[in-house]
Amino acid sequence: MFPDLPQPALRLGFDPDALRSNWQALDRLSGQARAGAAVKADGYGLGAREVVPILHAAGCHDFFVAHWSEAHALLDVAAPGSVSVLHGPLTDADVAFAVASGTAPVINSLEQARRWRAGGGGRCHLMVDTGMNRLGVAMADLGDESVAALDVDVLLSHLVSAEEDTGFNAIQRDRWQQARAAVRHQRGSLANSAGIALGSDYHGDLTRPGIALYGGVPRAEMAGEIRQVVRPQAAILQVRNVAAGETIGYNATFTAAGPMRVGTIALGYADGYLRCWSGKGRFRANGQVLPVLGRVSMDLTVIDLSHAPALREGDWVTADYALPEASATTGLSQYELLTVLGHRFAR
Ligand SMILES: *Cc1c(COP(=O)(O)O)cnc(C)c1O
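A few points on the structure. (Residues numbered from 1 in each chain as written. Predicted model: local features only at pLDDT ≥ 70, side-chain atom pairs only at ≥ 80, totals over all residues. Heavy atoms only, no water.)

### Here we look at helix α8 (residues 168-182)
Then, number 1: The end-to-end C-alpha separation of α8 is 21 Å, in line with the 21 Å expected for 15 residues at 1.5 Å each.
Then, number 2: Packed against the buried residues of α8 are β7 (123-129), β9 (151-156) and β10 (187-189). (Helix = DSSP H or I, 4+ residues; strand = E, 2+ residues; numbered from the N terminus. Expected span 1.5 Å × (residues − 1). Contact = heavy atoms within 4.5 Å.)

Below, the structure written as structure tokens:
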């Protein structure tokens, strides 16, 4: 018998009410359409096994992952038939798993359409390429017999720049509508989070928000609707006093102007708190702001405790990590800020 693992010194503060409220807001903004949820990349780093039951209880019935392994990891927490795999079936083994588990593939090519039919097929989704040139059946191939033979539930396409006001959004919308007229299907779906804000002719029957569920604000007009969901938190491992003229961390990029009290916390770039936060990040405890001093290292970051004399070893601090602001500070996208968060956080 091994002893139980003690609590780690690093955890991801997670607000299930905010997640629920964000899905409800996006479902409302989707008008006549229902909102599904993109939960790929382990629910954008939050933990798909935690996210899916919360969203299901809120009324979400359509979940999208990228890999078959991600669908497998959700089998015991998701309702049967509610998970779909965006990458589609690459091998006969993928088809067999989909059929046996009731997981719907998104068919992306004529090859995949034939493989799906040959393996027994059944309900599936169809991705049509309207301009991304990444995954999806080309508009010109929609008349192919392998497409006509599919039992398509959701006919989907994906917007290239929904977060921008560009004429390409309307071009893609028109192509998606042409595709809907050409292929028999149950439900149409086009909008990701940002696409929901483009209006009702982008909604179809099902929207597929991801980033905004988790606190991302891809378009300014959504700011008042979306709440922060995730807050990285770390314990202070050591408190020390630094004299004027001393430096902190690798490459001595910070020099103390006067005597100061600093804390070393159990968080570094290996956890996804990347080096771009060096000298720029801020933590908080009891309402006090605690700036990052010098370089972020692999497992450690040093913060200024000069204005927080009560903080001691073992106390917890919370990173400023509201996604729109964090993105502006670091130059990382709101998507990267979530998906880089590592495996050492208690979730
Ligand atoms: C990731 C993804 C989404 C969700 O996009 P967000 O911008 O995070 O809302 C929707 N549809 C597809 C096909 C995706 O790959």
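### Considering the pattern of salt bridges
A pair can form between side chains of opposite charge whenever their charged atoms are brought close.
Then, number 1: Inspection of every chain in the model, using the stated rule, returns 19 salt bridges.
Then, number 2: Across the pair D153 and R123 runs a salt bridge, and its minimum N-O distance is 2.9 Å. Of this pair, D153 sits in strand β9 while R123 is found in strand β7, placing the two residues 30 residues apart along the sequence.
Then, number 3: D153 sits in the buried class, given a relative accessible area of 8%.
Then, number 4: Note on R123: relative accessible area 33%, which makes it partly exposed. (Salt bridge = Lys/Arg side-chain N within 4 Å of Asp/Glu carboxyl O. Buried < 20%, exposed > 50% of the residue type's maximum accessible area, 1.4 Å probe, protein only.)

### Some points on the nonpolar core
For soluble globular proteins, nonpolar side chains are generally found buried alongside one another.
Then, number 1: Of all hydrophobic cores here, the largest spans 87 residues; its most connected members are V39, L55, L126, Y214, F283, L290 and V317.
Then, number 2: It is helix α3 (residues 48-58) that contributes the most residues to this core, six residues altogether.
Then, number 3: Taken together, domain 1 (16-215) and domain 2 (230-321) each give at least three residues to this core, which thus spans both.
Then, number 4: F283 has contacts with I265, L267, Y273, Q288, V289, L290, V292, I303, V317, T318, A319 and D320, leaving out every residue within four places of it along the chain. (Core = buried A, V, L, I, M, F, W, Y, C linked by side-chain atoms within 4.5 Å. Domains from an automatic or database assignment.)

### Quick word on the pairing of strand β18 (residues 301-304)
Then, number 1: In β18, alternate side chains face the same way, and those of T301 and I303 on one face and V302 and D304 on the other are all buried.
Then, number 2: One ladder, built from four bridges, connects strand β15 (residues 260-265) with β18; its direction is antiparallel. From the neighbouring strand, V262 faces β18, where its bridge partner is D304. (Pairing = 2+ DSSP bridges.)

### Regarding unusual backbone geometry
For residues besides glycine, phi is generally negative; the peptide bonds are generally trans as well.
Then, number 1: The backbone of Y44 sits at a positive phi, close to 55°, despite the residue not being glycine.
Then, number 2: Assignment of secondary structure puts Y44 in helix α2 (residues 40-44).
Then, number 3: The exposure class assigned to Y44 is buried, which follows from its relative accessible area of 6%.
Then, number 4: Even without being a glycine, N286 presents a positive backbone phi close to 50°.
Then, number 5: For N286, the location among the structural elements is in the loop between β16 (282-285) and β17 (288-291).
Then, number 6: Judged by its relative accessible area of 66%, N286 falls in the exposed class.

Shape is all these values report; function is a separate question.
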